[in-house]
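A closer look at the structure
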Amino acid sequence: MLRSTLSQQGSPVYSVAWGPDSDRILYTAGRQLAIKPLQPSSKLLQWRAHDGIILKVDWNSVNDLILSGGEDCKYKVWDSYGRLLYTSSPHDYPVTSLSWAPDGEVFAVCSFNTLRLCDKTGWSHALEKPNTGSVFSLAWSADGTQLAGACGNGHVIFAHVVEQRWEWKNFQVTLTKRRTMQVRNVLNDAVDGLEFRDRVIKASLAHGHLVVTTSLQCYVYSTKNWNTPLIFDLKEGTISLIQQAEKHFLLVDGAGLYVFSYEGRLVSTPKFPGMRASVLNAQAVSLSNDTLAIRDKTDEKVVFLFDALSGKALGDGKPLTHKMEVVQIALDQCGPSNERKIALVDKNRDLYLTSVRRLGREPSICKIGCMLHTLAWNDGANILCGIQDSQFTVWYYPGAVLTDRDLLPKTLCTRDGSEFSRAPHILNYVSTQVTVRRGDGSLVYASVSPYPALVHEYSASSRWEDALRLCRFAKDQLLWACLAGMAMANRELTTAEVAYAAIGEVDKVQYINSIKELPSKESSVAHMLLFSGHTQEAEATLLQAGLIYQAIQVHLDLYNWDRALELAVKHKTHVDTVLAYRQKFLQDFGKQETTKRFLQYAEGVVVDWEKIQAKIEMELAKERERAATTSVRGSLASRH
């Protein structure tokens, strides 16, 4: 029964495809493509796509990309807004069929006596010339390993995807047949053969382990021993994604997400409302040793954060919400869980960094880059690399943006990225080597300095003297900037002072000296928070310690007059101090008081600088006395 007519036109509709959320339909209209939303009032999106009649289209639900092919003998890849991402060179014959693999990583294209397998970015993996005539229809198996085609000569053609390759450090793994893999160690040319009972569906090689899933089982190999894999059965055979971290790995199938240890133990099964595991891809999921991040498919501004070990939502259970749609997420891989950070790339191709564990406060999402095509974290240190516009950029200490924003540009290394051509994709960043897949499918390698990773290592193990020695040896301002940020993040003031002096930040050296001279630990912590721009946390630290005057003074130094007066009135102390500093400030600039609150309190308060100075001295003496008492108690406790 006909429910409704979506569109009527003068030319035949040769092909139709549903949108990822089944709320739009893509169809052909001669040489044009049209996307018609199902809502009656929504606008039709239509554009000229080919020079000949379009014969076939497909729309993938995982990567949201569109394929089209036609009588101009070309196939093209588009995004869902109708922007052209790739166009092929002309074939000998019209493109008669094409189809995305279910996971959206590859697609097949057919014409007369031609079957081509292509990467999602458009370049060709393989070309076969079967004697079949034109192939008019294609269908993939649910696991994306096999392909069937309906041929013009009445035959059905079957194809299997083989010769996939994975690389990590000195190992190269190749799927030679459907059930056979070959492992090659390039250091000594040793070759191992791996046999499987069923056909291989997915594999991943990283962090010293090869994880292989077949239609029924999962095999976990250690790179130290290829002979005895750990094997366990799978509930569902269609694994669509494998993600690896140093201590465990994630399997995604149609039913859900499963975090396993490399010993084969199920660690957790994270869940969230409206979860559709089948549409998750590598850009929307990121795993570290303690955290799992997943971008929501229904609202792409939202990123869910889970504890990888328990499967429960982090903190108060609220997801991370960005102001724009997020296209890629990546968790850093090293360091303690309370310092875990996540990098986000949004629809505008801006790069942001934020802390994962927010400890009750609103997350500060800081922009650290723009025009970003692709990015990856290093596997052994929290160093981030990416390709911005036409430049290859390495953020040697991206966490600097959360400690001292001014340091970030000094911790960047940029160089010309024209060798990576158009539409590059970073595959991995292992040790000091970055592997990049160019738009034409070729692999390019870029090397990165080993020194910043050493500074990260020394900082993590509190070997500050070694870090200083390395920076003096290397004589690199970039290393000194990294060390300054790390030392401030770890509240190692002596090292921070030396590092800031080395990069000529005299004002910050003076401020660090003033912090070192503060009498109490609470004041030092508050001023270090102030150094990083966390005014509210600094105020809360001082108030919690009962240092009311010091909290007021913080706001006076920052010219936050209203908040200083508010604190003084609330705690019924130092109202005259606030008014005195305010009057002095206005006199210096030759201005009159206009704020009602200050005028109101000025009427009943007499400003006497001698009394104010005496009160301030008394407050500081009290703080010194209290700090001395605390330190005596601490030393007595340690003796006992």
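Report follows, based on the coordinates. Here the residue numbers are simple positions, counted from 1 along each chain's written sequence. Selection of residues for local features in this predicted model requires a pLDDT of at least 70, selection of side-chain atom pairs for listing and counting requires 80 or more, and totals for whole chains, interfaces and linings are taken over all residues. Values shown for side chains rest on all heavy atoms present in the structure; no hydrogens or waters enter the calculation.

Helix numbers and strand numbers start at the N terminus; a helix is a DSSP run of H or I with at least 4 residues, a strand a run of E with at least 2. Secondary structure assignment for the chain yields 13 helices and 42 strands. Each principal axis of the C-alpha atoms in the chain carries an extent, and together these give about 105 × 65 × 45 Å. For every residue, the accessible area (1.4 Å probe, protein chains only) is compared with the maximum for its type, and the residue is labelled buried under 20%, exposed over 50%, or partly exposed between those bounds. The 640 residues of the chain split such that 51% are buried. Within the chain, counting contacts between residues at least 6 apart in sequence, those at least 24 apart form 40% of the total. Should any heavy atoms of two residues lie within 4.5 Å, those residues are considered in contact.

Before going further, it helps to examine the sheet that holds strand β2 (residues 24-29). If you walk across this open sheet you meet the 4 strands as β1-β2-β3-β4, and the pairing is antiparallel. Strands with a single pairing partner mark the edges of an open sheet, and in this sheet they are β1 (16-18) and β4 (45-48). Averaged over all pairs of adjacent strands, the angle between strand axes in this sheet comes to 15°, irrespective of strand direction. In this description, strands pair whenever DSSP reports at least two bridges between them. Each axis is a line fitted through C-alpha atoms, and for a helix only the stretch in contact is used; angles between axes span 0 to 180 degrees, taken between their N-to-C directions.

On to helix α4 (residues 477-489), then. In this scheme, a helix's expected span is set at 1.5 Å multiplied by one less than its residue total. Helix length check: α4 (13 residues) gives 18 Å between terminal C-alpha atoms against 18 Å at 1.5 Å per residue, within 8%. Burial within α4 is extensive, with 11 of its 13 residues counted as buried. Those residues of α4 lying buried are L478, L479, W480, A481, C482, L483, A484, G485, M486, A487 and M488. The N-terminus of α4 is capped by D476, whose side-chain oxygen sits 3.0 Å from the backbone nitrogen of L478. Each polar contact in these results corresponds to two N or O atoms within 3.5 Å; when the atoms are within protein, one needs to be able to donate a hydrogen and the other to accept it, and residues that are neighboring in sequence are counted only if both atoms are side-chain atoms.

Within strand β21 (residues 209-214), 6 of the 6 residues are buried, which leaves it mostly tucked inside the rest of the structure. Residues H209, V211 and T213 of β21 are buried on one face, and the alternating residues L210, V212 and T214, pointing to the opposite face, are buried as well. Here strand β20 (residues 200-206) pairs with β21 via 6 bridges, running antiparallel. By the bridge assignment, K202 is partnered in β21 with T213. Joining the antiparallel neighbours β20 and β21 is a turn of 2 residues, in which H207 adopts a positive phi near 50°.

Residues belong to one nonpolar core when they are buried, are Ala, Val, Leu, Ile, Met, Phe, Trp, Tyr or Cys, and are joined through side-chain atoms within 4.5 Å. If you look at the biggest cluster of nonpolar residues, it comprises 46 residues, and the most contacted ones within it are F392, V434, L483 and Y500. Aside from chain neighbours lying at most four places away, what touches Y500 is D404, L407, A484, M488, E505, K508, V509, I512 and F531. Formed by 22 residues, the second largest nonpolar core is a distinct cluster that contains A564, A568, V578 and L579.

For an α-helix, the turn length of 3.6 residues means that residues three or four places apart are oriented alike. Taken residue by residue, helix α8 (residues 535-544) has A538, E539, T541 and L542 as its buried positions. Within α8, the buried residues cover an arc of 160° as seen down the axis, which keeps them to one side. Opposite the buried face of α8, by more than 90 degrees, sit the exposed residues Q536 and Q544. As for α8, its buried residues are in contact with α7 (521-531), α9 (548-557) and α10 (561-570). Where α8 ends, the next residue or the one after it, G546, has phi of about 80°, a positive value. Directions from the helix axis toward the C-beta atoms define the arc.

Taking burial as the measure, the 5 residues of strand β38 (residues 391-395) include 4 buried ones, the bulk of the element. Examined bridge by bridge, strand β37 (residues 384-388) and β38 share 5 bridges and lie antiparallel to one another. In the sheet register, L384 faces β38, and the bridge partner there is W395. Pairing analysis gives 5 bridges linking β38 to strand β39 (residues 412-416), with the strands arranged antiparallel. When the sheet's bridge partners are listed, T393 is paired in β39 with T414.

As a further point, take empty space enclosed by the protein. Taking a probe equal in size to a water molecule and rolling it over the atoms shows the remaining empty space. Computed over the protein atoms alone on a 1 Å grid, cavities are sets of points where a 1.4 Å probe fits but cannot get out and pockets are open sets with protein on both sides within 12 Å along at least five of seven lines; a residue lines them when it has an atom within 4 Å of a point. Grid points are joined across faces, edges and corners, and a volume is the space filled by probe spheres set on the points. Scanning the entire structure with this criterion turns up 2 cavities of 30 Å³ or more. In terms of lining, the largest cavity is formed by T145, Q146, H160, V161, Q164, L175, R178, R199 and V200. The class makeup of the residues in the lining of the largest cavity is 3 nonpolar, 4 polar and 2 charged. Taken as a whole, the second largest cavity holds about 30 Å³ of empty space. Lining the second largest cavity, in full, are F272, G274, M275, R276, L280, R295, D296 and K297. Note that Gly is not counted as nonpolar here; it falls among the polar residues with everything else outside the nonpolar set of Ala, Val, Leu, Ile, Met, Phe, Trp, Tyr, Cys and Pro and the charged set of Asp, Glu, Lys and Arg. Here the lining of the second largest cavity is composed, by residue class, of 3 nonpolar, 1 polar and 4 charged.

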